Protein chains: 2
Amino acid sequence: MKIAILPGDGIGTEIIAEAVKVLKSLDLKFEMETADVGGAAYAASGHPLPEATLNLAKASDAVLFGAVGDYKYDNLERALRPEQAILGLRKALGLFANFRPAICYEQLTHASSLKPELVAGLDILIIRELTGDIYFGQPRGRRTAADGHFPGSDEAFDTMRYSRPEIERIAHVAFQAAQKRSKRVLSVDKANVLETFQFWRDVVTDVHKEYPDVALEHMYVDNAAMQLVKAPKNIDVLVTGNMFGDILSDEAAMLTGSIGMLPSASLNSKKQGLYEPSHGSAPDIAGKGIANPLATILSAAMMLRYSLEQPEAAARIENAVKKVLASGLRTSDIYSEGAHSAGTRKVGTAEMGDAVVAAL
Amino acid sequence: MKIAILPGDGIGTEIIAEAVKVLKSLDLKFEMETADVGGAAYAASGHPLPEATLNLAKASDAVLFGAVGDYKYDNLERALRPEQAILGLRKALGLFANFRPAICYEQLTHASSLKPELVAGLDILIIRELTGDIYFGQPRGRRTAADGHFPGSDEAFDTMRYSRPEIERIAHVAFQAAQKRSKRVLSVDKANVLETFQFWRDVVTDVHKEYPDVALEHMYVDNAAMQLVKAPKNIDVLVTGNMFGDILSDEAAMLTGSIGMLPSASLNSKKQGLYEPSHGSAPDIAGKGIANPLATILSAAMMLRYSLEQPEAAARIENAVKKVLASGLRTSDIYSEGAHSAGTRKVGTAEMGDAVVAAL
Ligand SMILES: [Mg+2]
Ligand SMILES: [Mg+2]
């Protein structure tokens, strides 16, 4: 098994180092190879996703990715900006299935906006289609309106579209993920208004026939946005399109109150995947040794579960993270002053990583 | 000033009666004329929006609408279903500006999913464009994919589009509404990904030049879905397109925990408007005298403010509702057992309406 390690920019190097430390402490054999990506790659070789990095990613079973982006690259032309590295990797590897867990850890429940009883133990897996929908649909642009409310005026337009195989493959991913969890899938659409999402509902319903052990429910996106606030623990695996998934996965992440804790994954049909924390590169705290490595460590756990077929090792890491939180260790982003500081202690990036290794 | 009174189905008749009672208690002169709509109109004359009702609405300054829909009409063909009445009225009157307030009343704060300090005093006005965007954009349908990830496969598609005048008119509505409130507008888009919403941002920015007294901020829709959970009280007037508004207005409504309390309005450029509670026709409790009339009474207050140029009368009603809540009266939907029942008393629809009249 080969893992491409792409630390990137900002706090990327520090948080990836802790995840690598954890992976090396497992009694498993991986080949790990590190390469530049993002601004660091641009600085070293003139492109955020150099050929060598792309080839390494393609040749690996999984990519463990830190974060990219830094103020100093903000004025580069769009094609050379650090963020292009992720878009390029997604495209080259065909990573169409985005996994966005929203987990609320017992010790961090107080950080949520929601009442503790509504989020304690929250564990939602949002599966977002990542390469289709209106975010990529052609044609798009500006033109003179030929019809509509104001014919002859300037207008802009985009195209929402999904083909049957695109919906089928993300539906399979969702049903298979549900088989490893609660065996329930909530498919979110807007079938009452949009042709694309009536088709989505039809195709998901067809694919469901192959998974009689999984219960399928459908919900409109506006209702889903409400239910996430009202009763988020009723939701287990939620599958939806690219745009609705963009909105709902961020809403769900914020419910936890600790987005610095959340991992993510993007997979293709060969189960190759890119694993990265949901948070960004935080250049303002880079190099200070205070960044929270847990989302990256939990991304490594997702990698073991979804790309490397090592579910026990994944669970070992996840349990170790829970133990470390229970022991009271907190990086500054999850440290609370006042009542919730009782029994907790502020630690840096490396000490947190070491504690996870010790708790394995 | 002429008001069309359209009670509709289910609890519509009961809740409208209380709003009319309140309107009649004001020392203002309106002409009010009642007509059938929805299932009741279908039952009486074969169509959910009869010609006479439509003509009455067109000839009125405002429409006060109860609710439509009942199980017994579920099997009618789509064009004859009660819900078509609202779509027909929106279209015939050109009601492009949907106002969806999300207000959290002090006495009902405990009903929210959010911690009390985050929602106490919440008062957001979401302004949703209602007649354009991908919900109406043509072309749409199913076809064989000519390109994309799976050329040759079946696909479905929709068209997102906004013309300059459509964006301009909703932007004017938002800036003018903000002038009557905190003088801040948050425009929500997805300019980083969608051509339509880059154009939206450009046009809103242009229109803003005419409102130097109003502060304008832009936010991506996924971030807005997060901020509504994290710090909803930072938002005052939020303006956005039809689809994003559909999702965010429901999320915001749910933050209050009392959606039975929320009014709504839909306006055209002549400030003609349709005013209705955000909740539905609740056929299961119709005729029992237990429905909450406050959302309808508050819709009548919005009507006074936005269509009838009677802001003082609007404020009188809104203050009366606050007083009635403070006095402890609760219909069953907002009554809480346990700790929050102290000092409260469960009342029916008519007693609640009478109490508002008494508190005017
Ligand atoms: Mg997002
Ligand atoms: Mg809605």
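Definitions and limits used
- Position numbers for residues count from 1 along each chain, tracking the sequence in the order it is written.
- All chains are assigned letters beginning at A, and all ligands numbers beginning at 1, according to the order in which they are written.
- Per-residue local features are limited, in this predicted model, to residues with pLDDT of at least 70; the limit for side-chain atom pairs, both in listing and counting, is 80 or more; totals at the level of whole chains, interfaces and linings are taken over all residues.
- Only hydrogens and water are removed before side-chain values are computed, so all heavy atoms of the structure are retained for them.
- UniProt positions are given in the numbering used here, feature names are shortened, and annotations may be inferred rather than shown by experiment.
- Secondary structure elements are taken from DSSP: a helix is a run of H or I of four residues or more, a strand is a run of E of two residues or more, and numbering for both begins at the N terminus.
- Only protein chains enter the accessibility calculation, which uses a 1.4 Å probe. A residue is then buried if its area is under 20% of the maximum for its type, exposed if over 50%, and partly exposed in between.
- Throughout, a contact is declared for two residues whenever any of their heavy atoms are within 4.5 Å.
- Listed donors are limited to N, O and S atoms within 2.8 Å of the metal, widened to 3.2 Å for Na, K and Ca; water is not among them, so incomplete-looking sites are possible.
- Two parts placed together each lose some accessible area; with a 1.4 Å probe, that loss summed over both constitutes the buried area.
- The rule for a salt bridge is simple: a side-chain nitrogen of Lys or Arg has to be within 4 Å of a carboxyl oxygen of Asp or Glu.
- When residue character is reported, Ala, Val, Leu, Ile, Met, Phe, Trp, Tyr, Cys and Pro are called nonpolar, Asp, Glu, Lys and Arg charged, and the others, Gly included, polar.
- DSSP-based pairing: two strands are paired if at least 2 bridges between them are found.
- Distance and chemistry together define a polar contact, namely a pair of N or O atoms within 3.5 Å, with one atom able to donate a hydrogen and the other to accept it when in protein, and with adjacent residues in sequence counting only for side-chain atoms on both sides.
- An automatic or database domain assignment supplies the residue ranges for each domain.
- For helices, the axis comes from a line fit to the C-alpha atoms of the stretch in contact; other axes are also lines fit to C-alpha atoms, and the angle between any two N-to-C directions lies between 0 and 180 degrees.

Draft legend 1. Region of interest: the UniProt feature "binding site: Mg(2+)" (unreviewed entry) in chain A. As annotated by UniProt and renumbered to match this structure, "binding site: Mg(2+)" (unreviewed entry) occupies Asp222, Asp246 and Asp250 of chain A. Their sequence span is 29 residues, while the largest C-alpha to C-alpha distance among them is just 14.4 Å; these annotated residues converge on one region. Note that Asp222 of chain A resides in helix α8 (residues 221–230). The residue Asp250 of chain A is located in helix α9 (residues 242–256) in this model. Judged by its relative accessible area of 11%, Asp250 of chain A is buried. Those residues in contact with Asp250 of chain A that sit more than four places away from it in its chain are Arg100 of chain A together with Asp222 and Met226 of chain B.

Draft legend 2. Spotlight on the coordination of the magnesium ion (ligand 1). All of the protein donors around the magnesium ion (ligand 1) are Asp246 of chain A (OD), Asp250 of chain A (OD) and Asp222 of chain B (OD); their distances to the metal are 2.0 to 2.3 Å. Of this pair, Asp250 of chain A sits in helix α9 while Asp222 of chain B sits in helix α8 (residues 221–230), placing the two residues on different chains. Like Asp222 of chain B, Asp250 of chain A is buried.

Draft legend 3. Main features of the interface of chain B and chain A. Each partner contributes residues to the interface: chain B has 59 residues there, and chain A has 58 residues. Both sides of the chain B and chain A interface together cover about 5,300 Å² of buried area, and 60% of this is carbon and sulfur. In this structure, the salt-bridge partner of Asp202 of chain A is Arg142 of chain B, at a minimum N-O distance of 2.8 Å. Elements supplying a minimum of two residues to the side of chain B that touches chain A: β6 (141–144), β7 (154–163), α6 (164–179), α7 (195–208), α8 and α9 (242–256) of chain B. Top contributing element to the side of chain B that touches chain A by residue count: β7 of chain B, with 10 residues. When its residues are assigned to classes, the side of chain B that touches chain A shows 25 nonpolar, 13 polar and 21 charged. Relative to β7 of chain B, strand β7 (residues 154–163) of chain A runs antiparallel, the two being bridged by 9 bridges.

Draft legend 4. Main features of the side chain of Thr331 of chain B. Residue and element names in this part refer to chain B. As for its placement among the helices and strands, Thr331 is situated in the loop between β13 (329–330) and β14 (345–346). Classification of Thr331 by relative accessible area gives buried; the value is 0%. At a separation of 3.3 Å, a polar atom in the side chain of Thr331 contacts the side chain of Asn292. Within the structure, the side chain of Thr331 is placed 2.6 Å from the side chain of Asp333, a separation counted as a polar contact. Ignoring sequence-local partners within four residues, the contact set of Thr331 consists of Ile290, Ala291, Asn292, Pro293, Lys346, Val347, Gly348 and Met352.

Draft legend 5. A look at the coordination of the magnesium ion (ligand 2). Those donors, Asp222 of chain A (OD), Asp246 of chain B (OD) and Asp250 of chain B (OD), are the protein atoms that reach the magnesium ion (ligand 2), and they lie 2.0 to 2.3 Å from it. Taken together, the positions of Asp222 of chain A in helix α8 and Asp246 of chain B in helix α9 put the pair across two chains. With respect to class, Asp222 of chain A is no different from Asp246 of chain B; both count as buried.

Draft legend 6. How the structure looks around the domain arrangement of chain A. Residue and element names in this part refer to chain A. We note that the domain assignment places domain 1 (1–97 + 264–360) and domain 2 (113–256) within chain A. Here domain 1 and domain 2 have C-alpha centroids that lie 26 Å from each other. Residue-level contacts link 8 residues of domain 1 with 10 residues of domain 2. Summing both partners gives a buried area of about 810 Å² for domain 1 against domain 2, and 68% of it is carried by carbon and sulfur. It is Phe96, Ala97 and Tyr306 in domain 1 that bury the most area against domain 2; as a group they hold 62% of the surface buried on that side. Applying the counting criterion to the domain 1 and domain 2 interface returns 0 salt bridges. One can count 1 residue pair in polar contact (both at pLDDT 80 or more) joining domain 1 with domain 2.

Draft legend 7. How the structure looks around the sheet that holds β7 of chain A. The sheet built from 4 strands is open, its strands ordered β6(A)-β7(A)-β7(B)-β6(B) with antiparallel pairing. Unpaired on one side and paired on the other, β6 (141–144) of chain A together with β6 of chain B mark the two borders of the sheet. The average angle at which neighbouring strand axes cross in this sheet is 40 degrees, direction not considered. On top of the sheet, α7 of chain B reaches β6 and β7 of chain A together with β7 of chain B; it is set at about 150 degrees to β7 of chain A, its chief contact.

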